[in-house]
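# Structural overview
Residue-level listing of the chains:
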Amino acid sequence: MKQLSPGENQPLPSSTIGVQVRCASQANTSAILLTDSGRVRSDADFVFYNQPSARGVQYRDEGAVDTIAIDTGSVDQDVVTIAITASLDGTGPASFATAGVLQATVFDAAGTATADFTVPGLTSETAVVCLEVYRRGDAWKVRAVGQGYDTGLAGLASAFGISVDDEPAQPSGPPMADPQQWPPTPTSIQQPPSPTPVPNPAATASVAGRTPGGSMQSELFAPAHAEVQSQGIGKQGSKMCRVGLSGEVMARQGSMVAYQGDLRFEALGAGGMGRMVRQAMTGEGVPLMKVSGRGDLFLADNASDVHLIDLDGSDGLTINGANVLAFEPTLQYNVERMHGAGAMSNAGMFNCVFTGRGRIAITTNGSPVVLNVAGDTFADPQAAVAWSSSLRTTVKTNDSFGLNTLLGRSTGERFTLAFGGQGFVVVQPSEQPPGGFIGGTGGGNDAGVGGMLGGFLGR
């Protein structure tokens, strides 16, 4: 295997290769497809875990390492360079100076390592172009680069022409005619009374219920299990969301459990290139799919409890991305830093902030309590799910530092989130995201698990 030095190149070993990037710290791998101008044609030329493929280039998560697979025979003719990059995800070291060895390895079609490059001399960089796979006439070669950026993945992406600033979302329909009050009252966080189900002839034959035609009986056929009839985002029982769809809705990737009618599903990553870049750096965000058409859509997340909130535009909702199930496209959201609370909360150092007018469905691990914040209010960092964006957040240290702390003795409540101002805090009866340690399931790597596990499990 050839050990490459900065600037050194060699021919590709085969027309199909794999490139693996390794680092002692958590880092994200991506590929950027460039024309002869050194810039992308569009944001679609940015390949990473939330946008995992372009023509001839594919991102793969293989457990302990990420792989960029390249089939040079399938790459568009106007793409002359494929930059292989690594960026810190915001959950570990502040720069590659203390992140450990950064190494990129090229494998041929048979899986044999043919070239290796250890990036030298990194200091304040938070994103690095490790290798370039490029055309030279009719052949393809690989070059060791090692160019770093102090401004992280966002700075690197901008240098290649990728837009990281999202345009404000345009409402796709008229605002809700009569939204619920926001900030919510303790009762408005709960589901409004469900519409009366359509009469079920099967259930009138007996208490247990009978299928149409009387072929079998079961309590499953009772009205309590019948489909709720309503338009828009509603609840189907306590752990499922039903969307009576005639248009569009945004939902967490992989959360669909059933649907009826003519519906189309389109993966949207984290909901815009800018948010995708920020999610890659912070581990926070909502891996989205857009569902459009006419029909009934059923969503769930690992049997977590579902709750509905209507925003009227007067205040925003700050929420852990792992707790977002679906929302109307009239709402806008962004990934923003939570000032003063560091990385101690369930929502991590970064959170999803929703604004505008519309309905959002969130999940909790158990039945929550809604605290009315009129003075200082405190919550366990892993139990706080969502709160009014207008609230101030700080961290309160409960355990005093002394001999007991050095010996590993603690109350288990060393850090507490403090909320001040006027608003509401939603607290779940659990110190884990929905679904426990695989919170926000429904999208594999795209789960978007927030908090202290965000960069490690959900990224």
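A brief report on the enclosed structure follows. (Residues numbered from 1 in each chain as written. Predicted model: local features only at pLDDT ≥ 70, side-chain atom pairs only at ≥ 80, totals over all residues. Heavy atoms only, no water.)

A count of helices and strands for the protein gives four helices and 28 strands. Long-range pairs, those at least 24 residues apart, make up 72% of the contacts in the protein with a sequence separation of at least 6. If you sum the accessible surface of the protein, you get close to 19,500 Å²; carbon and sulfur atoms cover 53% of it. (Helix = DSSP H or I, 4+ residues; strand = E, 2+ residues; numbered from the N terminus. Contact = heavy atoms within 4.5 Å. Areas by Shrake-Rupley, 256 points an atom, 1.4 Å probe, with all protein chains shown as cover.)

The biggest cluster of nonpolar side chains holds 49 residues, and the ones touching the most others in it are Ile 32, Ile 82, Ile 84, Leu 102, Cys 130 and Leu 131. No other element matches the six residues that strand 12 (residues 127–136) contributes to this core. Ile 82 has contacts with Ala 31, Ile 32, Leu 33, Val 57, Ile 70, Val 75, Leu 131, Glu 132, Val 133 and Trp 140, leaving out every residue within four places of it along the chain. Grouped together as the second largest cluster of nonpolar side chains are 20 residues, Tyr 333, Val 335, Phe 354 and Ala 386 included. (Core = buried A, V, L, I, M, F, W, Y, C linked by side-chain atoms within 4.5 Å. Buried < 20%, exposed > 50% of the residue type's maximum accessible area, 1.4 Å probe, protein only.)

Turning our eyes to something else, we now look at the side chain of Arg 359. Position of Arg 359 among the secondary structure elements: in strand 22 (residues 350–364). A polar contact of 2.7 Å, which involves the side chain of Arg 359, links it to the backbone oxygen of Ile 233. A polar contact is formed between the side chain of Arg 359 and the side chain of Asp 310, at a distance of 2.8 Å. (Polar contact = N/O pair within 3.5 Å; in protein donor to acceptor, adjacent residues only side chain to side chain.)

Overall, the coordinates contain 12 salt bridges when judged by the stated rule. In this structure, Asp 296 and Arg 242 form a salt bridge, with 2.7 Å as the shortest nitrogen-oxygen distance. Residue Asp 296 is found in strand 17 (residues 288–299), and its partner Arg 242 is found in strand 15 (residues 241–252); the two are separated by 54 residues along the sequence. With respect to burial, Asp 296 and Arg 242 carry one shared label: buried. One continuous salt-bridge network, built from bridges that share partners, spans Arg 41, Asp 45, Arg 55, Asp 76 and Asp 78. (Salt bridge = Lys/Arg side-chain N within 4 Å of Asp/Glu carboxyl O.)

The next thing to look at is the pairing of strand 15. Consecutive residues of a regular strand have side chains that alternate between opposite faces of the sheet. Of all 12 residues in strand 15, nine are buried, a share of seventy percent or more. With four bridges joining them, strand 14 (residues 232–235) and strand 15 adopt antiparallel strand pairing. The partner of Ile 233 across the bridge, within strand 15, is Val 243. Adjacent in sequence and paired antiparallel, strand 14 and strand 15 are bridged by five residues, among which Gly 237 carries a positive phi angle near 75 degrees. Pairing analysis gives 12 bridges linking strand 15 to strand 17, with the strands arranged antiparallel. When the bridges of strand 17 are listed, Val 249 appears paired with Val 291. For strand 15 and strand 20 (residues 324–327), the ladder comprises two bridges, and the chain directions are antiparallel. Bridge pairing in strand 20 places Met 250 opposite Phe 327. (Pairing = 2+ DSSP bridges.)

With that settled, the discussion passes to the environment of Thr 81. Looking at where Thr 81 falls in the secondary structure, it is placed in strand 9 (residues 81–88). For the pair Thr 81 and Leu 33, spaced 48 residues apart in sequence, the C-alpha separation works out to 6.1 Å. Here Thr 81 is in contact with Ile 32, Leu 33, Leu 34, Glu 132, Val 133 and Tyr 134, once residues within four sequence places are set aside.

To continue, consider a nonpolar patch on the surface. A cluster of nonpolar side chains, contributed by Met 256, Tyr 259 and Phe 265, occupies part of the molecular surface with about 250 Å² of accessible area. When you line up the elements, Phe 265 lands in strand 16 (residues 256–269). Using a relative accessible area of 33% as the deciding quantity, one classes Phe 265 as partly exposed. (Patch = residues over 30% accessible without salt bridge, like charges linked within 9 Å, V, L, I, M, F, W, Y side chains within 5 Å.)

Bear in mind that shape data such as this cannot, by itself, settle questions of function.
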